[in-house]
Amino acid sequence: MVEATDPVCGMSVSEDSPHAIEHNGRHYRFCSEICLYKFRAAPLKYSQGQVEHDHACCGGKPHGHAAAAAVEPETADTSARYTCPMHPEVQQQGPGACPKCGMALEPMGVPVASTKTEYTCPMHPEIVQDHPGSCPKCGMALEPRTVAMEEDNAELRDMSRRFWVSAVLAIPMFLSAMAAEFWPEQMAEIIEPKLRQWLEMILATPVVLWGGWPFFVRGWRSLVTRNLNMFTLIGLGIAVAWGYSMVAAIAPGLFPRSVFNAMGVVPVYFEAAAVITALVLLGQVLELRARSQTNAAIKLLLGLAPKTARIVRDDGREEDIPLEQVQPGDRLRIRPGEKVPVDGTVVEGTSNVDESMVTGEPVPVEKRAGAKVIGATVNGIGGLVMTAEKVGSETLLAQIVHMVAEA
């Protein structure tokens, strides 16, 4: 059996590997679907050998679909520059935490829409798998389709988990403390004040130490770097309220008699520490969710552009190429119903183009030779041949997306 080398990780790949792709007339085979995803995202990067082999994608595990399923796709681009949402002056290469406030850094510029390839049966769309093959129902060859991958927001998931656990523990503690404040005699008859304090301590401790741990980390970092911020105040307030209450509940004899209340116990503030922690966590969740939705909206704008373009070679031969490979001066054919790939000028054909996504005008605009066309607009029933003029970040759509991302 003939074996090839994976262009991404450098591992040997058998000739019958299901993970394969054709690029610029050459066939490439991969040890796993993760490597295939990476190659699709940056074909020039790997086909021209501009980087060292990335063995981390496979981890040295056995090749094949089983191994690919056990590997999580990379969630961060270490080659991109990242910045802090709260401190834009903080910039660094690759992901990390802000040295001033401890927030997770976000990639600068326009977020990249992550996609993956699935294979489905034309006759039985419920048949979906992540590798090519035949339909188990009718035997037809499965066809590929590109779908968007869900954004991997680990910080949002972590803060959401901390918030819900903290809220569940803080709510009964808050109700108990408020009842004891307004109806102390009635509450003392239901539960002994000292026992109530110990129960509040049991509930508040995981909220403060686990739920509020990110605030302590960020607050400490702000002290070390001498960049005091809200986490400095939050961490200090929670720590003082919880620490004082712990001493009051465990060793009340350390306090003078004047501090004791009518119920014979030293007042504690477990509920304040827990509720503050839960509320701040709620604020973090809302902020992270808003940022995630903003990124999703930008990715929807990016999704308006087609993924491929049909180039007309000098010898008259036509072929579909990835949009990233289109260069200024290339002649591109736009068939009826297709999207205009990039900004340029019509050189052949007549048609009507729907430009509502840019201008808002619902009436299609007639296009003839010499007319300008805008990338991502939709061609009508006629065929056009255009010359590419603005590609990549120079297109009108890319400029719109860039302005939205900066805003």
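Please read all numbers here as calculations on a predicted model, not as lab measurements.

Cut-offs applied
Residues numbered from 1 in each chain as written. Predicted model: local features only at pLDDT ≥ 70, side-chain atom pairs only at ≥ 80, totals over all residues. Heavy atoms only, no water. Phe/Tyr/Trp six-rings, centres within 6.5 Å; stacked < 30°, edge-to-face > 60°. Helix = DSSP H or I, 4+ residues; strand = E, 2+ residues; numbered from the N terminus. Buried < 20%, exposed > 50% of the residue type's maximum accessible area, 1.4 Å probe, protein only. Pairing = 2+ DSSP bridges. Expected span 1.5 Å × (residues − 1). Bend = angle between axes of the 7 residues up to and from the residue. Contact = heavy atoms within 4.5 Å. Polar contact = N/O pair within 3.5 Å; in protein donor to acceptor, adjacent residues only side chain to side chain.

Peer 1: Even after reading the chapter, I still don't get the packing of aromatic side chains, so can you show me in this structure?
Peer 2: Here the distance between the centres and the angle between the planes together describe a pair of aromatic rings. Applying the stated criterion to the full structure yields five aromatic pairs. Note on Tyr244 and Tyr269: the rings are 5.8 Å apart at their centroids and 40 degrees apart in plane angle, and the pair reads as tilted. Here Tyr269 lies in the loop between α8 (230-250) and α9 (270-302) and Tyr244 lies in helix α8, a separation of 25 residues in the sequence. The class for Tyr244 is partly exposed, based on a relative accessible area of 30%. Through pairs of rings, three or more aromatic residues link up here, namely Tyr244, Phe255 and Tyr269.

Peer 1: Can you help me understand the pairing of strand β19 (residues 384-390) in this one?
Peer 2: Looking along a regular strand, one sees the side chains alternate between the two faces of the sheet. Looking at chain direction, strand β13 (residues 331-334) and β19 are connected through four bridges and run antiparallel. Counted as the bridge partner of Ile334 is Leu384 from β19. Relative to β19, strand β14 (residues 343-349) is paired through six bridges, and the arrangement is antiparallel. Within the sheet, the bridge partner assigned to Glu348 lies in β19 and is Val385.

Peer 1: Can you walk me through the sheet that holds strand β18 (residues 378-379) in this structure?
Peer 2: The strands that make up a sheet pair up through hydrogen bonds in the backbone, lying either parallel or antiparallel. Read across the sheet, three strands follow the order β16-β15-β18 without closing on themselves; strand pairing throughout is antiparallel. Edge strands, defined here as strands with exactly one partner in the open sheet, are β16 (365-367) and β18. Where strand β15 (residues 351-354) and β16 come together, three bridges link them in antiparallel fashion. Looking at the pairing, Val353 lines up with Val365 of β16.

Peer 1: For this particular structure, what's the right way to read helix α6 (residues 193-211)?
Peer 2: Every α-helix winds through 3.6 residues per turn, so residues three or four apart in the chain are directed the same way. Along its 19 residues, α6 runs 26 Å from first to last C-alpha, staying within 8% of the 27 Å computed at 1.5 Å per residue. Where α6 bends most, at Ala204, the angle is about 30 degrees, and the proline Pro206 comes one to four residues later. When we look at burial in α6, the residues that qualify are Pro193, Arg196, Gln197, Glu200, Met201, Ala204, Val207, Val208 and Gly211. Residues of α6 that are buried make contact with α4 (154-182), α5 (184-190), α7 (213-224), α8 and α9. Between a side-chain oxygen at the N-terminus of α6 and the backbone nitrogen of Lys194 the separation is 3.0 Å; the capping residue is Glu192.

Peer 1: Would you take a moment to explain the sheet that holds β13 for this structure?
Peer 2: If you walk across this open sheet you meet the six strands as β12-β11-β13-β19-β14-β17, and the pairing is antiparallel. Strands at the two margins of the open sheet, each flanked by one partner only, are β12 (318-322) and β17 (372-373). Where strand β11 (residues 308-312) and β13 come together, two bridges link them in antiparallel fashion. In the sheet register, Ile311 faces β13, and the bridge partner there is Leu332.

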